[in-house]
Every structure is written in C-alpha cells, then in structure tokens.
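# Structural overview
Letter by letter, the chains look like this.
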Amino acid sequence: MKKKILLRAGASPFDVYKPSQVVRKKIIGNNTGNLLFAYSMTRTLLTEDTEVDFLADKFVIHDKITPEYINENYDYLVLPMANSFRKDFMPSLGKWTDLIEKLNIPVVVTGIGIQMPYEPDVTEKHVYDESAKRFITAVLNYSSSVGVRGTITESYLKHLGFTSNDINVIGCPSLETFGPNLPVREKKPLTKDSIVSVTGSVSNPVNFKEFVIRNREVLPNYYFIPQFVDDLKLMYYGIPLPITENSQTLYPHLITDDVFVNDKARFFINFPSIIEFNKSLDFNYGTRIHGAVGNILAGVPSFLFPTDARIRELAEYHNIPNMPAHLVDEKTDIFDIYEKTDFSQVNNGHEERFRHFVDFLNENGLPHIYQDKNRTVVPFDEKIKNIEFPGPVRPLTTLPEEEMFKRMADGLNMANKAYQKKNDDLTEENKELKAQIKSYKPIVKKYNWYERSSSVRIAASRVKHKIVK
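Residues numbered from 1 in each chain as written. Predicted model: local features only at pLDDT ≥ 70, side-chain atom pairs only at ≥ 80, totals over all residues. Heavy atoms only, no water.

Take the packing of helix H7 (residues 151–159) against helix H13 (residues 309–317) next. The contact between H7 and H13 brings their axes to 8 Å, and the two run at 115°. Together, Thr151, Ile152 and Thr153 of H7 and Ala309, Arg312 and Glu313 of H13 make up the contact between the two elements. For the contact of H7 with H13, the per-class residue count stands at 2 nonpolar, 2 polar and 2 charged. (Axes fitted to C-alpha atoms, helices over the stretch in contact; angles between N-to-C directions. Helix = DSSP H or I, 4+ residues; strand = E, 2+ residues; numbered from the N terminus. Contact = heavy atoms within 4.5 Å. Nonpolar A, V, L, I, M, F, W, Y, C, P; charged D, E, K, R; others polar.)

Pairing within the open sheet is parallel, and its 4 strands lie in the order S8-S7-S9-S10. If you trace the sheet from one side to the other, it starts and ends with strand S8 (222–225) and strand S10 (302–304), each paired once. Sheet twist, expressed as the mean angle between neighbouring strand axes with direction ignored, is 15°. Note: strand S7 (residues 196–199) against S8, 4 bridges, orientation parallel. By the bridge assignment, Val196 is partnered in S8 with Tyr222. Packing against the sheet, helix H8 (residues 206–218) makes contact with S7, S8 and strand S9 (283–286), and its axis sits at approximately 150° to S9. Running over the sheet, helix H12 (residues 289–296) touches S7, S9 and S10 and is turned about 165° from S10. (Pairing = 2+ DSSP bridges.)

Residues Asp424, Glu428, Glu429 and Glu432 make up a contiguous surface patch of negative charge. Its location among the elements puts Glu428 in helix H17 (residues 401–468). Owing to a relative accessible area of 40%, Glu428 belongs among the partly exposed residues under this scheme. (Patch = residues over 30% accessible without salt bridge, like charges linked within 9 Å, V, L, I, M, F, W, Y side chains within 5 Å. Areas by Shrake-Rupley, 256 points an atom, 1.4 Å probe, with all protein chains shown as cover. Salt bridge = Lys/Arg side-chain N within 4 Å of Asp/Glu carboxyl O. Lys, Arg positive; Asp, Glu negative; His and termini not counted. Charge placed at Lys NZ, Arg CZ, Asp CG, Glu CD. Buried < 20%, exposed > 50% of the residue type's maximum accessible area, 1.4 Å probe, protein only.)

The geometry of an aromatic ring pair is captured by two quantities: the separation of the ring centres and the angle between the planes. Within the structure shown, the criterion is met by 21 aromatic pairs. Both rings, one in Phe283 and one in Phe343, keep their centres 5.8 Å apart while their planes meet at 65°; by these two values the pair is edge-to-face. Pair noted here: Phe283 is in strand S9 and Phe343 is in the loop between helix H14 (334–340) and helix H15 (350–363), with a separation of 60 residues, a long-range link. Taken together, the ring pairs connect Phe208, Phe211, Phe283, Tyr285, Phe303, Phe305, Tyr338 and Phe343 into an aromatic cluster. Above the plane of the ring of Tyr118 lies Arg312, whose end atom (NZ or CZ) is 4.6 Å from the centre. (Phe/Tyr/Trp six-rings, centres within 6.5 Å; stacked < 30°, edge-to-face > 60°. Lys NZ or Arg CZ within 6 Å of the ring centre and 35° of its normal.)

Turning next to the sheet that holds strand S2 (residues 50–55). Strand order in the open sheet formed by 4 strands is S2-S1-S3-S4, with parallel pairing between adjacent strands. Edge positions in the open sheet fall to S2 and strand S4 (107–110), since each of these has one partner strand only. Shown here is a sheet whose adjacent strand axes are inclined to one another by a mean of 25°, direction ignored. The pairing of strand S1 (residues 3–8) with strand S3 (residues 76–80) spans 3 bridges and is parallel. Its bridge partner being in S3, Leu6 is matched across the sheet by Leu77. The strands that helix H5 (residues 90–100) touches are S1, S2, S3 and S4; relative to S3, the one it contacts most, it runs at about 165°.

Rendered as structure tokens:
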C-alpha cells in the first residue's frame with residue numbers, strides 16, 4: 001500500500017488555474033514564492049510508492065479539517081514554511097499548533113524562518129515568541145529536528161531555549177528542486193540589448209526604487225516581475241494598489257504606469273511558466289528571494305538585494321551573490337555589479353547543501369526520490385509533462401479595447417463586493433458594540449445613581465457638620 005503524505009500548500013502543482021481564480025480564491029496565498037515550495041517538495045516526495053495531497057492554511061484556520069481525519073488517512077504531514085515567525089502569522093501558526101498537538105503521525109517542517117530587520121537582534125522580545133516556542137515544541141514531538149532557513153533563525157530558536165539537535169539549517173528546499181546540480185551558463189557581457197528581469201515590492205526602500213528606475217534607461221529590454229496578489233489584481237483587472245505611503249512612492253500602482261502601458265510587466269501563476277520564461281533572460285536582479293531562485297534554477301545570472309534578515313539568511317546560506325538593499329545609492333552601477341560578480345558562486349557548496357537536505361529527510365523518515373540512487377525516471381516529471389500551463393499574465397493594457405473594458409468592469413464589480421463585505425462586517429461589528437453598550441446601561445445607571453446618592457450623602461454630612469459647629 002502506498003504511503004500518503006499531506007503537504008502544506010495553497011494549491012496542487014498539477015492543477016491549472018486562471019488568474020481570476022488565483023485572485024478570488026487566494027490559491028497562491030499572497031505571494032508567488034509559495035508556488036516554488038509546493039513544486040519542489042512534491043517533486044522530491046512523490047515516488048512510485050507515495051501519494052501526495054495538499055492542505056491550505058485556510059482549511060486549518062477555519063477548522064475544515066480535523067486531526068482525527070489526518071491521523072486516519074495520512075502517514076506524514078509535511079509543512080514547507082517561509083517567514084512564519086512574524087506578528088501577522090501568529091493566528092495561523094497557533095491553529096497549526098493546535099492541530100499538530102493532536103496528531104500521532106510524523107510531522108516534518110522545512111525551511112521555516114523569522115522576519116526581522118537586516119541587522120537582527122535575536123535576543124529582543126517579540127510578540128510571537130511564545131507562539132514560535134509552542135509550535136516548535138509541538139513539531140519536535142513528531143520529528144527528529146526542524147528544518148530552518150538559515151543561521152539567523154537558528155540563533156533565534158536557540159535563544160528561545162532549543163538546542164542544536166532540535167534545529168537543522170537546510171535553507172529553502174526550492175533551491176534543491178532539481179537535485180545536486182544547478183545549471184551554469186557562460187557569463188556574457190551585459191549590454192543595453194540584454195534581456196533583464198527585475199523583482200521588487202512596494203515596501204522596498206526608496207533608494208532601491210530609484211536605482212530600478214535609473215536602470216530602465218540603461219537596460220531598456222527589461223521585465224518587471226511583481227509577486228504579490230495585489231499586483232496581479234492591478235495587472236489583470238486594473239484595480240489600483242491599496243493606498244499606502246510605500247505604494248505611492250516610485251512604484252507602479254496604477255494601470256496607467258509606463259511598465260504596464262509599455263507591456264513591461266509579467267506575473268506568474270504557476271512554476272513551469274516561470275522556468276520557461278526565465279530561459280529567455282540574460283540577467284535577473286532585485287529584492288525578491290524566489291525571483292532569484294526561479295532564475296538560478298533556469299541558469300540565469302542572478303543578483304539579490306536583501307532588504308531584511310529573512311532574505312539575507314537564505315542568500316548567505318545558498319551563496320547567492322548579493323548586496324544589502326540599503327547600501328544602494330546614486331553611485332551604484334548595475335553594469336559594474338554584473339562585471340565584478342561571479343554568478344557561478346551559487347554552485348559552490350550546492351552539492352553538499354543538497355546532500356545535507358537529503359540527510360534531513362532521511363533522519364525524519366520521509367520517503368523521497370533520492371533514496372533510489374539508480375533512478376532514471378522522476379514520477380513528478382512524468383505526471384506534469386503533459387499538463388498545459390498558461391504563460392505569464394500580461395498587463396490589462398495589452399488587450400483589445402472591448403476585452404480590456406470587460407475585465408475592468410469585472411474588477412470593479414469584485415472590488416465593490418469586497419467593499420460591501422467590509423462594510424457589512426463593520427455594520428455587524430457596530431451592532432455587537434451597540435448590544436454590549438446596551439447590556440452595560442443598567443450597570444452604568446446603577447453606578448450613576450450610587451454616585452449621585454453618595455454625593456448627596458456627602459453634601460448632607462457637610463451641611464450637618466457645619467450646623468452642629
């Protein structure tokens with residue numbers, strides 16, 4: 001009988017989705033980087049003797065799956081994670097912990113990390129410290145160790161009281177997708193004719209955004225590759241980005257921006273299209289770690305500008321050429337960076353890191369394709385090769401006028417529904433508050449009566465005291 005593995009993922013890498021489904025159902029979560037986790041771990045764990053099913057966070061958060069069901073139907077629970085130690089992920093982490101504590105099957109966590117500033121202080125207190133401690137403790141009851149992204153997360157968890165035996169630095173499994181070897185391209189000169197991709201986000205520092213804008217002039221054959229669902233809404237429906245100080249500063253936030261009008265943006269909703277598109281590129285740079293990973297896996301020279309500790313520790317562990325984003329200034333020259341960088345350095349130690357990752361899987365008792373050293377066929381590759389995945393999403397502005405207006409109308413309708421839901425939620429919340437206030441009125445009335453009575457008694461006492469005197 002085949003072993004059954006339940007894998008944390010928003011979507012199966014075998015399913016084909018439309019952009020509208022990705023937006024409405026939040027299939028990739030909030031970030032296309034999640035596509036790489038599911039793809040890499042499924043490819044690794046799917047053998048002739050295993051089956052892999054998928055479990056999205058939303059099913060755990062809304063109690064749509066029970067520990068009893070998992071215990072009865074699966075042999076392993078595998079959780080590819082990312083920057084999960086952060087304030088806004090605490091509710092999700094808590095629900096996962098509640099679930100894990102009731103399981104009786106092995107639970108394996110890969111690539112979990114902390115979100116901290118570029119220069120982190122792992123000894124400072126965080127609101128999520130107890131959540132992180134409880135989660136790791138629960139997982140360790142079902143596994144030999146927890147796989148973390150890098151040495152910063154390792155130091156943080158040691159500060160919380162865990163030991164070297166509990167924590168295993170394995171980086172991000174996405175870089176181990178295709179085994180012990182990474183493709184290496186011959187480095188060609190970077191010129192104004194080179195085809196370049198740029199990754200970034202609204203939260204990038206202003207100095208880096210200015211750097212990107214300057215580079216558009218000297219590298220005109222560029223593609224802007226955003227990764228967040230809000231960017232997809234903008235490109236596909238024309239819905240402006242939520243208004244924040246960051247989104248309004250040097251970042252494409254309206255469909256009338258030059259990058260969209262000139263067809264310079266691409267958004268990916270599946271991993272095969274990422275690899276296929278990247279094969280046509282000459283160079284990639286930016287702040288997004290999985291933008292770099294997707295290019296490295298396609299052999300594209302890639303340079304990373306980490307903005308925080310979560311990106312920094314992965315760049316350092318996997319030996320990805322990098323420079324802190326905050327050090328970029330008006331003198332920073334992209335051609336100079338390219339010329340001085342040895343892009344093959346990502347291969348230095350890669351085989352050793354891959355072997356270490358395989359050892360981690362073995363220590364935790366997970367079946368995987370690398371257990372068969374004579375393997376010539378990868379079940380995942382056989383299963384996926386005949387599936388037709390759509391290419392990248394292009395900007396709304398590239399469509400014929402009639403289709404463009406129809407999609408914008410769909411987007412406006414969706415935005416109105418979201419607004420109405422938010423308004424209804426606020427109305428319901430207002431009703432609850434009014435009900436609470438109403439329930440307090442008898443208490444308030446009684447308190448006011450007591451205050452008035454007390455005041456009268458005190459005043460009477462003072463008058464009586466004066467009369468007596």
